[in-house]
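These are the residues of each chain, in order.
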Amino acid sequence: MKKGFLLAQLLCLCVLLCACAPRAAEPVKPDEAQLTVVGFSQVGAESDWRLGNTSSMVQAFSAENGYRLILEDAQQKQEKQITAIRNFINQGVDYIVLAPTTENGWDTVLSEARAAGIPVILVDRRIEVEDESLFTCWVGSDFRREGDTAARWMEENLPETLRIVHLQGNIGSSAQIGRTEGLMAALQKHPGWELVFQAPGDFTQAKGQELIESLLREKTAFDVIYSENDNMAYGAIDALKAAGLTPGRDVSILSFDASAAALRLVLSGEINLDVECNPLHGPRVRAIIEQLRRGETPAKYTYVDETSFDAENLTEGIIVQRGY
Ligand code: GYE
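Note that the coordinates shown come from a computational prediction; the quantities given were computed from them, not determined experimentally.

So, about the side chain of T101. In this structure, T101 sits in the loop between β3 (95-98) and α4 (107-115). Overall, T101 belongs to the buried group, its relative accessible area being 5%. With residues up to four places along the chain from it excluded, the contact list for T101 reads V43, Q76, K77, Q78, Q81, W106, R125 and S173.

This part is about the packing of helix α2 (residues 48-60) against helix α10 (residues 282-293). Close contact between α2 and α10 brings their axes to 7 Å; oriented N to C, the two are set at 45 degrees. The orientation of α2 with respect to α10, classified from their angle, is oblique. Once α2 is placed against α10, the crossing between them reads as right-handed. Side by side, α2 and α10 meet where S56, M57 and A60 of the first sit next to G282, P283, V285 and R286 of the second. In terms of residue class, the contact of α2 with α10 is built from four nonpolar, two polar and one charged.

Further remarks concern the sheet that holds strand β7 (residues 193-200). Taken together, six strands build an open sheet; the order of strands is β7-β6-β8-β9-β10-β12 and the sheet is mixed. What marks the edges here is a single partner per strand, and that holds for β7 and β12 (308-310). Strand-to-strand twist of the sheet, defined as the mean angle between neighbouring strand axes without regard to direction, takes the value 15 degrees. Set on the sheet, helix α8 (residues 230-242) makes contact with β6 (162-168), β8 (224-227), β9 (252-257) and β10 (273-276); between it and β9 the angle comes to about 155 degrees.

Now for the site of the ligand. What surrounds the ligand is a group of 13 residues, the closest being E46, R125, R179, N229 and D257. The contact in question runs from an oxygen atom of the ligand to an N or O atom on the side chain of R125, over 2.7 Å. Contacts to the ligand include R179, whose side-chain N or O atom sits 2.9 Å from an oxygen atom. Contact with the protein chains hides 100% of the accessible area of the ligand, taken as 300 Å² for the molecule alone. Counting only elements with at least two residues in the shell around the ligand, the list comes to α2 and α6 (174-189). Of the residues that make up the shell around the ligand, three or more belong to each of domain 1 (32-140 + 279-293) and domain 2 (143-277 + 310-322).

The full count for this structure, using the stated rule, is five aromatic pairs. Here F135 and Y301 contribute two aromatic rings whose centre-to-centre distance is 6.2 Å and whose plane-to-plane angle is 75 degrees, an arrangement assigned as edge-to-face. On the criterion of sequence distance, the pair formed by F135 in the loop between β4 (120-123) and β5 (137-140) and Y301 in strand β11 (residues 301-303) is long-range, its members being 166 residues apart. Given a relative accessible area of 2%, F135 falls into the buried group. In this structure an aromatic cluster arises from ring pairing among F135, W138, Y301 and Y303. Between R126 and the ring centre of W138, over which it is positioned, the NZ or CZ distance is 4.8 Å.

All told, the structure shown has 20 salt bridges when counted by the stated rule. Across the pair R179 and D257 runs a salt bridge, and its minimum N-O distance is 3.8 Å. One end of the pair, R179, is in helix α6; the other, D257, is in strand β9, with 78 residues separating them in the sequence. Assessed through its relative accessible area of 2%, R179 is described here as buried. For D257, a relative accessible area of 4% corresponds to the buried category. One continuous salt-bridge network, built from bridges that share partners, spans E46, R50, D124 and R125.

Reading the values: rules and limits
Residues numbered from 1 in each chain as written. Predicted model: local features only at pLDDT ≥ 70, side-chain atom pairs only at ≥ 80, totals over all residues. Heavy atoms only, no water. Helix = DSSP H or I, 4+ residues; strand = E, 2+ residues; numbered from the N terminus. Buried < 20%, exposed > 50% of the residue type's maximum accessible area, 1.4 Å probe, protein only. Contact = heavy atoms within 4.5 Å. Axes fitted to C-alpha atoms, helices over the stretch in contact; angles between N-to-C directions. Parallel < 35°, antiparallel > 145°, perpendicular 65-115°, else oblique. Left-handed = near helix turned anticlockwise from the far one by under 90°. Nonpolar A, V, L, I, M, F, W, Y, C, P; charged D, E, K, R; others polar. Pairing = 2+ DSSP bridges. Near = heavy atom within 4 Å. Polar contact = N/O pair within 3.5 Å; in protein donor to acceptor, adjacent residues only side chain to side chain. Areas by Shrake-Rupley, 256 points an atom, 1.4 Å probe, with all protein chains shown as cover. Domains from an automatic or database assignment. Phe/Tyr/Trp six-rings, centres within 6.5 Å; stacked < 30°, edge-to-face > 60°. Lys NZ or Arg CZ within 6 Å of the ring centre and 35° of its normal. Salt bridge = Lys/Arg side-chain N within 4 Å of Asp/Glu carboxyl O.

In structure tokens:
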């Protein structure tokens, strides 16, 4: 009986204490209805570059910044992007941001977005449309210039006789088209350069590894791998090492993106040149949307400033500061 009474008293005390205790400060939730809604159709999650790009967009379009981001991953399939854009239109988003898989095939769906009065901002890769007013503007990299940079490095640093293996990105994407054009133009100028193999590795590590493994199995001889992104280069490096070759020495490796992990391989000598391609577009796209909201007209095309890294100019300090 006494025990029961004590228990009841304790319980009352607890209830009282809980009621009086100051509440932990709850974060002030931004008013959902006030947020600007942005539908972002992303290519996929095929590479470190892409992951860096997605997280840059997610950070830039946070609720704290006044946005609600609807992110759709298209798994590298254009049909999925078209469906995502149609869903954004149905949901009545304020802005559509599109990172297009390939350059062609956008006229119809972008006409639908225009009919619905939703501005479309392109990021990263470009598109080919009959009517350029179907999109508001584009921000991204100069992929042809990136290809030319890699080719120039080969001219200046490698012998005049070269057997080249070319791992391409997804065929029809701007990154593939520009980087391939740079190499093709240089091949025309160098009779001693021979293209011994060329195939798409879809920007993935697994495909890069698979392609180099099969070349080594067939005993194809080559001196250089021109890999259109870092992830395919990682796969190529694994395949070379497994065959007892030293990447960067037995076979020169050129790559694109220059993510922190790849720059470490430049420092250790396994990648000879990495051409920078910056994925941190979130703040750039947000600045464009803010311009539009103020009634201003952003530049139709904005190129990001980029460089390239080899053993000559790369430092630990540069790698530490990389955001991707
Ligand atoms: O180089 C590659 C990614 O379009 C620039 O796509 C982008 C490319 C990037 O998968 O890693």
